[in-house]
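An overview of the molecular structure
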Amino acid sequence: MMLPSSLLVLLLLGGARGCGEVRVEPHTVLLGSPVTASCRVQQALCHGWHASSLGTSTAQTLGGGLEEGGIRLMWKLDNKTLPGTQYWSANGTVESNLTIARVSWTRAKLRCYLAGMGTGTKTETPQLIATADIQAGHLPSKPHNLTCMMNLREMSLTCRWDPGAESLLPTETILKSRKTCRVVTKAIQECRPLLPGENHCTLPHQHLQLYQDMEFWVWVRNPLGTAESEHLCLDPTDVAKLDAPTLMSVQPFQPNCVAVAWDVARSSAYIEQQCELRYRRDKELAWTLVSGIISSNQKVQHCGLLFGMPYRLQMRCRRRAFPSYWSEWSTEQGFTTHEKAPAGKLDAWWQVTPSGSRQRAKVQLLWKALAWQEANGRILGYWVALSPQQRGGVPTTVCNTTEMGCNFSVPPGVRSVYLAAYNAAGKGPPTEVIFLERRGQPLRGLWATPRDQHSLWVQWEAPAAPTNGYVLEWRNVPPAEPGGRLGWQVEHNHSATGALIQDGIEPFRRYNITVYPLYVDAVGVPRHTATYSQQKAPSCTPKLHLRSISKYQAELSWQPVPTELQNGFITNYTIFWASTSSNMSSAVVDSDVQAFTIRPLKPSTTYKVHIMASTVAGSTNGTILMLTTTALDITEIQFLLLCLSLIFVLLIVFTVCLQKNGRMKKQFWPRVPDPVNSSLGKWVPADLQQESPGLRDLGPVPISTITVLKRAARKQEPVWGKDEPGPATADGAPAPAPPQPYAHQLGAPRPYVNAAGAGAGAGAEPVQYARVVADGYRGQPQAPAPLYLRSDSTQPLLADASPSPKPYENLWFPAAPRPAGPDHEPLLDFALLRGLKIDGAEALRGFPGL
């Protein structure tokens, strides 16, 4: 039906809590049981709700869909929405029922909400009507193991019990008691634990009846039911716990006995007691118990202790007549028994360095400490001698030390020494140590495996010959300290095939283990093995070195990882390499390999290379090495060098051949005469040689200026052709031109004029041919009146203005044929050479002198 909009407005404004209620049956249930609940909204509790607003009764479910304007009731268990069944009644009541088939939680809150629509208005938030709490759990468990104990000092009784399984519900626990066991009375004393969850309670002395049996039990209750423990009937004094006794004195007497005196507590002085004591060696945890001590004077003696041993002692007591609780242990008190000279023989081992027949042998003697049962006190030192007693008053002691070994030398031929331990009470019996030769049969097999981080199990296969025992040696590789201690032990059982090593074993360190068989008259040849108690990744990796590199490969080398940094057996090395343009490549090599060649590589390419060292427990990567391949292979480089060397040798041979063979030289460089270096450069007129014999000794004359003389132009005639006619003589023959001086006396400089050229024509002007000025050499004073000066020019002056010869033209040997005849004198055409006697005329090939 429809509710009026005024009712909904009132519900929203005033809240719906006062309009209804929630009922749950039951509120507390067993886990797994069903629960029913109902939510009811009544008209009488909601102001403004009139009966005329309701129509006929209907029933709809929550998910059935109500008509527009209806209301509905919602259920929520904590935050979970549950479906319910809703009913309408004519008396103005709306009710919704909910059934939960199985409860699987211990505590939850159930809520009922009102939701619906008014006229044209939708209710956005459901309104809470009422809530109810639901609890679930188990029935209380029956307490058991009820025990009680009386404290004589406080005269109170404390009882303890085991509560059993948890009920998951609030539980009330009470310790109940009656002062009699035979008669059931209503006079019951109750004791509640001080805190919830406690499983003990203490009854004061006014609730106790001493020397008479009392009844005790535990009663528990929760919302689902009650339970109680078994009833306990006892006399409080029978369960009394005495106070701990006090040790008055602990005195050792005789070599291995102790006398103990104690005093009982004042609260239990009137009770007959029995006691027990316990003792242990100092710095040990195990106790030795001595029970059944009954003494009226509180004194006792105990023997059988070790000689010279420190001990700790305690004592406790209880009621003698009835078994009751022991008191607490007394405070510890220490004592030390009297010492006695050591007993037993020492285990010894030796290393003998052979020497010559007349030299003393060096001996390293090692021994183990005596067991505490044989030491009989604190050992003060060890004595080593060549004989058990002094000989003729001369001491034979070679070593006296507090260490567990010593080094000494013995005379030639000595094959044994004597070893003994001593304490404050005296010296023990000497042990003869015989230096047997190591020539017996070795073990047939030897293995070592780790037992844990600090122990190794060594196993071997016995030799064929019977043995008297075995000696095991082990040493850290390399020693942790220079000259590190050698570990060893003796296995006296001749049938043993294994032994456990525990002395000084550390993880991540390599140990070399050696086992010697012992025979009656010899020591067996040793057998060796190596192992680790625990391994891990190496601490470092080898450093890569580039041994060689070529166009297509690179050879690498490295040094092994030091043993102390391996942390295990190296199983293999892995080499990785990659370039910027290729993927990573790798190769695995054995642990004994120290070099590797990477191939194939690309020419002129940079690669990153690193190495990884591995053990069975892990791996470690090394640093990166950068390398670049060459552009040429080594063979190509050698071939190139060979070619260059061959070319160089050929050049040298060719040069030498040119220098030695003139004909070959002329084929490449034709010889062109050099006027400067010709014989004319050294020519001096004959008349001047007579006038100035020392002229050749003069130094070089500096040249100030050189002037070239120009001639009038005339027809050029061939050098070796038809002779030019000169002026006629009286007989018709041509008259030779008068010679012009080449050198003159020093005076005012004047030009040289070619007379032939001057008379050639009226238009010709005298042209200066050469002007030579002599000055002092490098600032030296000028020599007085030199006889002559000459020009250094060797260029012949032509009678006509002919062009200069080409640089490669040979003036002395032209291509034109030379006219034959003795009267031909071509040099007369040069005015400069007239009247001169030419030295070295043989170089002019038969030309006559002037």
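It should be noted that the structure appears before, not after, this text.
Along each chain, the written sequence defines residue order, and numbers are assigned to residues from 1. A pLDDT threshold of at least 70 governs which residues receive local features in this predicted model, and a stricter bar of 80 or more applies before side-chain atom pairs are shown or counted, although totals over entire chains, interfaces and linings include all residues. The side-chain values count all of the structure's non-hydrogen atoms but skip hydrogen atoms and water molecules.

Looking now at the state of the cysteines. What we call a disulfide is simply a covalent bond connecting the sulfur atoms of a pair of cysteines. Disulfide: a pair of cysteine sulfur atoms within 2.5 Å of each other. In total, this model carries 7 disulfides according to the counting rule given. Here C148 connects covalently by a disulfide to C159, the sulfurs 1.9 Å from one another. Taking the sign of the S-S torsion, about 100° here, the bridge from C148 to C159 comes out right-handed. One end of the pair, C148, is in strand β12 (residues 144-151); the other, C159, is in strand β13 (residues 156-162), with 11 residues separating them in the sequence. C159 matches C148 in its accessibility class, with the two residues each being buried. A sulfur-sulfur distance of 1.8 Å marks the disulfide that ties C181 to C233. Because the torsion about its S-S bond is 120°, the bridge between C181 and C233 counts as right-handed. A helix here means a DSSP run of H or I that spans at least four residues, while a strand means a run of E at least two residues long, and both kinds are numbered starting from the N terminus. Note on classification: 1.4 Å probe, protein chains only; a residue is buried when its accessible area is under 20% of the maximum for its type, exposed when over 50%, partly exposed between these limits.

What follows is about the environment of Q86. Note that Q86 resides in strand β7 (residues 85-88). Sequence-wise, Q86 and R72 are 14 residues apart; in three dimensions their C-alpha atoms are separated by 7.4 Å. A 3.5 Å cut-off defines polar contacts: any pair of N or O atoms within that distance qualifies, except that in protein one atom must be a possible hydrogen donor and the other a possible acceptor, and neighbouring residues in sequence count only when both atoms are side-chain atoms. In terms of polar contacts, Q86 uses its side chain to reach the backbone amide nitrogen of L73, at 2.6 Å.

Next up on the list: the sheet that holds strand β27 (residues 333-336). Here 4 strands make up an open sheet; going across it, the order is β24-β23-β26-β27 and the pairing antiparallel. The open sheet terminates on both sides in strands that have one partner only, identified here as β24 (288-293) and β27. Neighbour to neighbour, the strand axes of the sheet diverge by 30° on average, direction disregarded. Note that strand β23 (residues 273-281) and β24 share 4 bridges and pair antiparallel. Counterpart to C275 in the pairing with β24 is I293. By the convention used here, strands pair only if DSSP detects at least 2 bridges between them. A fitted line through C-alpha atoms serves as each axis, taken over the contacting stretch for helices, and the angle formed by two N-to-C directions is quoted from 0 to 180°.

In this section: a nonpolar patch on the surface. Patches in this entry comprise residues that are over 30% relatively accessible and not in a salt bridge; like charges within 9 Å are linked, as are nonpolar side chains (Val, Leu, Ile, Met, Phe, Trp, Tyr) within 5 Å. Only the protein chains shown count as cover for residues, and the accessible areas themselves come from Shrake-Rupley with a 1.4 Å probe. Here, a salt bridge means any Lys or Arg side-chain nitrogen found within 4 Å of an Asp or Glu carboxyl oxygen. Together, L632, I634, I637, L640, L641, L644, I647 and L651 line one region of the surface with nonpolar side chains, adding up to about 720 Å² of accessible area. Relative to the helices and strands, I647 resides in helix α4 (residues 634-660).

As a further point, take the nonpolar core. Put simply, buried Ala, Val, Leu, Ile, Met, Phe, Trp, Tyr and Cys residues joined by side-chain atoms within 4.5 Å make one nonpolar core. L365 and V384 are the most contacted members of the largest nonpolar core, which has 29 residues in total. Among the elements that line this core, the one with the most residues is strand β29 (residues 361-367), at 5 residues. Any two residues having at least one pair of non-hydrogen atoms within 4.5 Å are treated as being in contact. When residues no more than four places from it in sequence are discounted, the contact partners of L365 are A348, W349, W350, V384, G405, C406, F408, V417 and V433. The next biggest cluster of nonpolar side chains, apart from the first, holds 28 residues, and it includes L77, L82, W88 and V103.

A few words now on the sheet that holds strand β49 (residues 595-598). Pairing in this open sheet of 3 strands is antiparallel, and the strands run β45-β46-β49 from one edge to the other. Two strands bound the open sheet, and with one partner strand each, they are β45 (545-549) and β49. Across this sheet, the average inter-strand angle for adjacent strands is 25°, counted without regard to direction. When strand β46 (residues 554-557) meets β49, the two strands line up antiparallel, connected through 4 bridges. Along β49, the bridge assignment pairs S557 with A595.

Under the definition given, this model contains 19 salt bridges. One salt bridge in this structure joins E332 and R280, with 3.5 Å as the shortest N-O distance. Taken as a pair, E332 in the loop between β26 (310-319) and β27 and R280 in strand β23 lie far apart in primary sequence, 52 residues in all. One salt-bridge network, in which partners are shared between bridges, spans E172, E190, R192 and R221.

Here the focus is the packing of aromatic side chains. Centres within 6.5 Å make a pair out of two Phe, Tyr or Trp rings, where for Trp the six-membered ring is used; the pair is then stacked when the planes are under 30 degrees apart, edge-to-face when over 60, and tilted otherwise. Applying the stated criterion across every chain, the model contains 10 aromatic pairs. Plain terms: the ring middles of Y532 and F569 are 4.9 Å apart, the flat faces sit at 90° to each other, and that makes the pair edge-to-face. A residue pair is termed long-range when its members are at least 10 positions apart, and Y532 in strand β44 (residues 527-532) and F569 in the loop between α3 (563-566) and β47 (572-579) qualify at 37 residues. Overall, Y532 belongs to the buried group, its relative accessible area being 2%. Exposure remark for F569: the relative accessible area of 30% places this residue in the partly exposed category. Measuring from ring centre to ring centre gives 6.3 Å for W577 and F596, while their planes differ by 40°; the resulting arrangement is tilted. Of this pair, W577 sits in strand β47 while F596 sits in strand β49, and the two are 19 residues apart along the sequence. A single burial state applies to W577 and to F596, both of which are buried. Taken together, the aromatic side chains of W349, W350, F435 and Y516 make up a single cluster linked through ring pairs. Across from the ring centre of W372, 3.7 Å away, lies the NZ or CZ of R281, which sits over that ring. Here, a charge over a ring is recorded when the distance from Lys NZ or Arg CZ to the ring centre is within 6 Å and its angle to the ring normal is within 35 degrees. Directly above the ring of W488 sits K368, whose terminal nitrogen or CZ lies 5.0 Å from the centroid.

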